[in-house]
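Coordinate analysis (summary)
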Amino acid sequence: MSPFDLIELAKRANSVEEFISLAKDDKIRLSEEDAQIYFERWHADGELTDEELEAVGGGFGQDISKQIVCEYCLKNDRLIINMSSGGAFFCERCNRCCNGIQLK
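About the thresholds
- Residues numbered from 1 in each chain as written.
- Predicted model: local features only at pLDDT ≥ 70, side-chain atom pairs only at ≥ 80, totals over all residues.
- Heavy atoms only, no water.
- Helix = DSSP H or I, 4+ residues; strand = E, 2+ residues; numbered from the N terminus.
- pLDDT = per-residue confidence, 0-100.
- Axes fitted to C-alpha atoms, helices over the stretch in contact; angles between N-to-C directions.
- Parallel < 35°, antiparallel > 145°, perpendicular 65-115°, else oblique.
- Contact = heavy atoms within 4.5 Å.
- Phe/Tyr/Trp six-rings, centres within 6.5 Å; stacked < 30°, edge-to-face > 60°.
- Buried < 20%, exposed > 50% of the residue type's maximum accessible area, 1.4 Å probe, protein only.
- Arc of directions from axis to C-beta.
- Left-handed = near helix turned anticlockwise from the far one by under 90°.

This part is about unusual backbone geometry. Phi is positive for lysine 27, which is not a glycine, with a value near 65°. Phi at leucine 74 takes a positive value of approximately 60°, unusual for a residue other than glycine. Note on placement: leucine 74 falls in the loop between strand S1 (68-69) and strand S2 (79-82).

Quick look at the confidence of the model for the chain now. Here the chain averages 77 in pLDDT, while 70% of its residues score no lower than 70. Element-level mean pLDDT values for the chain span from 65 in helix H4 (residues 50-56) up to 89 in helix H2 (residues 16-25).

Let us look at the packing of helix H1 (residues 3-12) against helix H3 (residues 32-42). At a closest axis distance of 9 Å, the pairing of H1 and H3 adopts a crossing angle of 70°. One way to sum up the angle between H1 and H3 is to call them roughly perpendicular. Of H3, the residues touching H1 (which contributes Leu6, Ile7, Ala10 and Lys11) are Tyr38, Phe39 and Trp42.

A few words on the packing of aromatic side chains. The full count for this structure, using the stated rule, is one aromatic pair. When the ring of phenylalanine 19 is compared with that of tyrosine 38, the centres are 6.3 Å apart and the planes differ by 55°; the resulting orientation is tilted. In this pair, phenylalanine 19 is assigned in helix H2 and tyrosine 38 in helix H3, connecting sequence segments 19 residues apart. Its relative accessible area of 0% is what places phenylalanine 19 among the buried residues.

The subject of this paragraph is H3. Every buried residue of H3 is accounted for by Asp34, Ala35, Tyr38 and Phe39. Looking straight down H3, one finds that the buried residues subtend no more than 130° of arc, so they occupy a single side. Exposed and oriented more than 90 degrees from the buried face of H3 are Glu32 and Glu33. In this fold, the buried residues of H3 make contact with H1 and H2.

In the contact formed by H1 and H2, the axes pass within 8 Å of each other and the chain directions differ by 140°. Taken together, the axes of H1 and H2 are oblique relative to one another. Once H1 is placed against H2, the crossing between them reads as right-handed. Only Glu18, Phe19, Leu22 and Ala23 of H2 make contact with H1, whose side of the interface consists of Leu6, Leu9, Ala10 and Arg12.

Following this line, the structure appears as structure tokens:
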């Protein structure tokens, strides 16, 4: 199951408990804390916090000097936000969790 499938389960659930149950049916173990994070993220009112807006960045014409990259391999092409670690990153290129660093 991919993270996108997990997101779909979170969207479908009406409560954190139901989300945990749906995940368990698909042979996925979720801590209550992780389930709460996913559930709240996908049942939010659509408003982003200032920190979330700051983290979004990107878009056409983005200045490459301000990109966040993996602190180990210094690449960002396979860097994803790791929801279970409170917004840290996971680099699929070097298979490590990291805080990410901003290029100067």
